Amino acid sequence: MTTGRTGSTRPARARRREPFATSVRRGVPLVWATGAGDDLTALLGWGERFRATAAGPDRFATLAREFRRFAATADADPRELVAFVTLTFAAESAEASTLVVPEVVGRWADGVLTTAENVLPEPSAPAEFEELDVRPGQLSREGYRRAVAEAVRRISGGEVAKVVLARDLEAVAPDPVDVPAVVARLQEANPEAWTFHVDGLVGASPELLVALHEGRVRSRVLAGSAPVTGDPNADAAAAAALAASPKDLAEHAFAARSVVDPLAQVADVTAAGPAVLRQPRIWHLATDVSGTLHPGSTLGVLELAGLVHPTAAVCGAPTDVAAALLAELEGFDRGRYAGPVGWVDAAGDGEFALALRCGQVAPDGRSVRLFAGGGVVAASSPSAELAETAQKFLPMYEALSPVARP
């Protein structure tokens with residue numbers, strides 16, 4: 001299904017010097033931001049010029065095709081023809097994968113918001129920062145432990161090598177959630193992540209699925225983790241233990257291969273890692289992948305995202321077996337959690353992260369469904385995996401509620 005219009009005249013570009021937190025309070029924009037301080041950059045979008053939705057195994061190709069059709073007929077500055085995209089984790093999801101081209105595109109950098117329109121909503125005042133009621137989701141803590149134990153049993157039996165199991169929580173508010181404030185808090189607390197808001201999905205992902213710019217491809221694979229406590233000695237010991245952990249190194253190797261192998265079919269790529277990467281709340285093993293598309297390739301970033309998704313970092317290995325097992329053991333529809341989220345331009349360039357450390361805002365705005373998961377291999381324990389998910393809930397929880405922990 002698509003809706004849209006063509007034909008527009010763009011006025012001279014407008015510049016506003018203001019903090020990022022002010023820019024995201026101009027209405028409730030689409031957001032893609034990364035970096036800290038002087039290195040912070042963001043892509044923002046207001047209004048809706050065109051929308052396409054898709055479902056099923058062809059959802060990546062369908063959205064790419066619909067966007068190309070729109071771009072071919074749109075009377076617009078190519079710099080302003082940008083689509084924000086969020087796709088479901090599973091082809092069978094009841095939720096829609098969605099691509100939105102905003103009416104107005106803004107770019108925030110060096111303390112300045114630049115747009116092709118001079119008229120934007122005035123910044124709103126932040127709502128009161130109140131504690132939310134956090135309730136169990138569709139998979140309880142004890143249910144998650146049982147699911148991990150069953151996954152370990154299946155792995156030990158040789159059915160699957162790795163499976164990534166998630167659980168969910170529901171954060172309920174007395175009033176509609178202040179999404180711009182959540183975005184600003186997420187970005188400030190997680191400056192090395194990719195902070196996003198697309199079609200009600202909001203989060204700060206540490207993992208870049210794939211990016212494409214003028215034929216150059218890159219990705220960052222994360223798998224294997226340990227908590228960051230703030231105690232320098234304990235954190236140094238945790239990082240060293242993570243770097244030497246056979247369990248985490250095995251989990252990470254599955255994830256890295258699941259990205260490198262499909263990209264190697266269409267690009268000359270190299271992988272550097274694994275290295276220990278620190279996030280505000282968690283250590284990760286990370287592998288950076290980079291390369292160049294093969295000569296003559298016409299693939300865009302959306303097609304590349306479809307080529308590598310789902311990776312072993314969010315699904316497992318072998319992919320088909322792991323996907324079926326996690327659907328059985330989780331027992332709920334992930335929706336857009338752990339699916340690709342990002343942006344694409346008219347040239348096919350863009351960036352997609354995995355939708356992690358995120359939540360889906362309900363249509364009435366009064367609740368947010370939160371998700372977190374962990375990779376299960378033969379050496380995993382139910383209690384340790386549960387603790388890992390609790391750590392991964394914290395970025396979203398702290399952006400939503402002023403109290404320390406759920």
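This one's a predicted model, so the numbers in the text were calculated from it and none came from an experiment.

1. Considering a negative patch on the surface
Together, Asp38, Asp39, Asp110 and Glu192 make up a negatively charged patch on the protein surface. Among the secondary structure elements, Asp110 is positioned in the loop between strand S8 (104–109) and strand S9 (112–115). A residue is classified by how much of its surface remains accessible, and Asp110, at 59% relative accessible area, is exposed.

2. Brief notes about the pairing of strand S16 (residues 267–278)
Two elements, S16 and strand S17 (residues 282–293), share 10 bridges in a ladder whose sense is antiparallel. Paired with Ala267 across the strands is Leu293, a residue of S17.

3. Quick word on the side chain of Glu388
Along the polypeptide, Glu388 turns up in helix H9 (residues 382–400). In this structure, Glu388 is in contact with Ser225, Gly373, Gly374 and Gly375, ignoring residues within four places of it in sequence.

4. What about the pairing of strand S3 (residues 30–34)?
Extensive coverage of S3 is indicated by the burial of 4 of its 5 residues. Examined bridge by bridge, S3 and strand S4 (residues 41–46) share 5 bridges and lie antiparallel to one another. Its bridge partner lying in S4, Val31 is registered against Leu44. Here S3 folds back onto S4, and the loop between the two strands holds 6 residues, one of which, Gly35, carries a positive phi near 110°. Pairing of S3 with strand S12 (residues 194–198), which is carried by 4 bridges, proceeds in the antiparallel orientation. Across the sheet, the residue bridging to Trp32 is Phe196, located in S12.

About the thresholds
- Residues numbered from 1 in each chain as written.
- Predicted model: local features only at pLDDT ≥ 70, side-chain atom pairs only at ≥ 80, totals over all residues.
- Heavy atoms only, no water.
- Patch = residues over 30% accessible without salt bridge, like charges linked within 9 Å, V, L, I, M, F, W, Y side chains within 5 Å.
- Areas by Shrake-Rupley, 256 points an atom, 1.4 Å probe, with all protein chains shown as cover.
- Salt bridge = Lys/Arg side-chain N within 4 Å of Asp/Glu carboxyl O.
- Lys, Arg positive; Asp, Glu negative; His and termini not counted.
- Charge placed at Lys NZ, Arg CZ, Asp CG, Glu CD.
- Helix = DSSP H or I, 4+ residues; strand = E, 2+ residues; numbered from the N terminus.
- Buried < 20%, exposed > 50% of the residue type's maximum accessible area, 1.4 Å probe, protein only.
- Pairing = 2+ DSSP bridges.
- Contact = heavy atoms within 4.5 Å.

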